[in-house]
Amino acid sequence: MSGVVKRAYRYRFHPTDEQAVELSRTFGCVRLVYNRALEARTTAWRQEQRRVGYGDTSALLTTWKRTDELAFLNEVSSVPLQQCLRHQQKAFTNFFDNRAAYPRFKSRKRSRASAEYTRSGFRWRDDHLTLAKMDQPLAIVWSRPLPEGAEPSTVTVSRDPAGRWHVSILVETTINHLTPLTTAIGIDAGLTSLLTLSTGEKIANPRHEHRERAALTRAQRNLARKTKGSNNRDKARTKVARVHARITDRRQDLLHKLTTRLVRENQTIVIENLAVHNMVRNHTLARAISDASWSRFRSMLTYKAAWYGRTVITVDRWYPSSKTCSSCGHLLDTLPPHLREWTCPGCEDIHDRDVNAARNILAAGRAAAACGDGIKPNRR
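Only a predicted model underlies this, so the values are computations on that prediction, with no experimental measurement involved.

Q: Would you mind showing me how to read the overall build of the protein here?
A: Counting its secondary structure elements, the protein contains 10 helices and 14 strands. With respect to the three principal axes, the spread of C-alpha positions in the protein is 80 × 55 × 50 Å. When each of the 380 residues of the protein is scored for burial, the buried share is 42%. Accessible surface, the protein as shown: approximately 21700 Å² in total, 48% of it carbon and sulfur. With 64 positive and 36 negative side-chain charges, the protein shows a separation of 5 Å between the mean positions of the two kinds.

As structure tokens, this is what we get:
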């Protein structure tokens, strides 16, 4: 069995000086148009209680281009400018449907510099990608091939704070489901061990941020000493960003390998529905929880399960998986966080706290699957 999905392939590329200038100008124009449109929407609602839609902001963009003040918007491709207005419309739709917060203004220093091109904004020929307003194709580092015969539908160009350029190419591709299995596994997420499986296996937490903390502290201290607005401060900020980028890349690599392995080896995967957003409010553990990246792990696991015909079941976060004996079902009144092993008063079995929790999570997932409650299948 197979399914057609939209999949993005991300690559590094190295622009020429002219391309870098053109893209930087495009990023600035996209940010300007987005902020102006957001200001217009906000003002219209506060003063007139009137909602402004995509059609209205698109008309405003045409008006802005005709003014002397914003005539420079005509120098860049109109496609990314229209796309940023469409993204803003989607952001407002999510806000009105209570799925997201109110859209925020884009910052030159803190927001991601990016521009999205639809099919009319680029040329794809013989595996060479040429963007609008450019004469030469991008020098892309093809770290992996695109699916054979795939035609890009959308291209997103971005520059991260570390100064690296990336292009994300969205294509439609067919992904074959993996051979069905009978195996199921429960997963308990933690900090001492990143993941504990119901099989008893523990996957160590590499603590990527902690390993780089000395380098990060050194770079941040150097940044703090620089004069604001100076070129040396910009260089120091880039060095800080490179440390963060190194941490992120290592974390992403590990999570991809773990989720791919779990999806390939198991038909059903049971996890806890953790409220990470609330958990990071604990300032003692916030840094470690963010470094573990549980939300990203769940996101990867979910979409890969959908691709390959596997099922992910979530168990309620309030389920007492750690305090319940996986052998006899005895429930403890309390279990202090520092206690990593405990003996069941009912059957006298000795339990590893995390392994016991993973086994209970698996059992709860199987019960939910049998009853049809709490199941969140991810099959297409």
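Q: How do you make sense of the environment of Ile-169 when you look at a structure like this?
A: Along the chain, Ile-169 turns up in strand S7 (residues 165–176). Since its relative accessible area comes to 0%, Ile-169 is described here as buried. Linking Ile-169 and Thr-343, residues 174 residues apart in sequence, is a C-alpha distance of 54 Å. The contacts of Ile-169, once residues within four sequence positions are left out, are Arg-7, Ala-8, Tyr-9, Tyr-11, Trp-124, Trp-142, Leu-146, Pro-152 and Thr-154.

Q: Teacher, can you tell me more about the nonpolar core here?
A: Nonpolar side chains in soluble globular proteins tend to be buried together. Ranked by internal contacts, the top residues of the largest apolar core, which has 39 residues, are Leu-23, Leu-129, Leu-131, Val-157 and Val-167. The element contributing the most residues to this core is helix H1 (residues 17–48), with 9 residues. Residues contacting Leu-131, with those up to four places away along its chain left out, are Leu-23, Tyr-117, Gly-121, Phe-122, Leu-138, Val-155 and Val-157. Val-5, Leu-194, Leu-255 and Ala-292 belong to the second largest nonpolar core, which has 25 residues in total.

Q: Is there a simple way to explain the sheet that holds strand S2 (residues 113–118) in this structure?
A: Consider a sheet: its strands pair through backbone hydrogen bonds, and that pairing is either parallel or antiparallel. Spatial strand order, S2-S6-S7-S1-S5: 5 strands in an open sheet with antiparallel pairing. Two strands lie at the open edges of the sheet, namely S2 and strand S5 (140–141), each paired on one side alone.

Q: Is there a simple way to explain the packing of aromatic side chains in this structure?
A: Two measures describe an aromatic ring pair: the distance that separates the ring centres and the angle between the ring planes. One pass over the full model with this rule turns up 10 aromatic pairs. Pairing Trp-307 with Tyr-308 gives two aromatic rings, centres 6.3 Å apart and planes at 80°, and the pair type is edge-to-face. For the pair Trp-307 and Tyr-308, one class covers both residues: buried. Aromatic rings pair up to connect Phe-92, Phe-95, Phe-96 and Tyr-102 into one cluster.

Conventions used here
As a convention, each chain's residues are numbered from 1 in the sequence order in which they are written. Local features in a predicted model are, by the rule used here, given only for residues with pLDDT of at least 70; side-chain atom pairs are given and counted only at 80 or more, and totals for whole chains, interfaces and linings are based on all residues. Hydrogen atoms and water are omitted, and side-chain values are computed over all heavy atoms in the structure. Think of it this way: any DSSP run of H or I at least four residues long counts as a helix, any run of E at least two long counts as a strand, and we number them from the N terminus. The buried label goes to any residue with under 20% of its type's maximum accessible area, the exposed label to any with over 50%, and the partly exposed label to all in between, with areas taken from a 1.4 Å probe on protein chains only. Accessible areas in this description were obtained via Shrake-Rupley with a 1.4 Å probe; residue shielding takes into account the shown protein chains only. Counting rule for charge: Lys and Arg are taken as positive, Asp and Glu as negative, and neither His nor the chain ends is counted. Think of each charge as sitting on NZ of Lys, CZ of Arg, CG of Asp or CD of Glu. Contact criterion: two residues are considered in contact whenever any of their non-hydrogen atoms come within 4.5 Å of each other. The nonpolar core is taken to be a set of buried Ala, Val, Leu, Ile, Met, Phe, Trp, Tyr and Cys residues, with the residues joined through side-chain atoms within 4.5 Å. The rule for pairing is simple: two strands pair if DSSP sees at least two bridges between them. Each aromatic pair joins two rings of Phe, Tyr and Trp (for Trp, the six-membered one) with centres within 6.5 Å, and gets the label stacked for planes under 30 degrees apart, edge-to-face for over 60, and tilted for any other angle.

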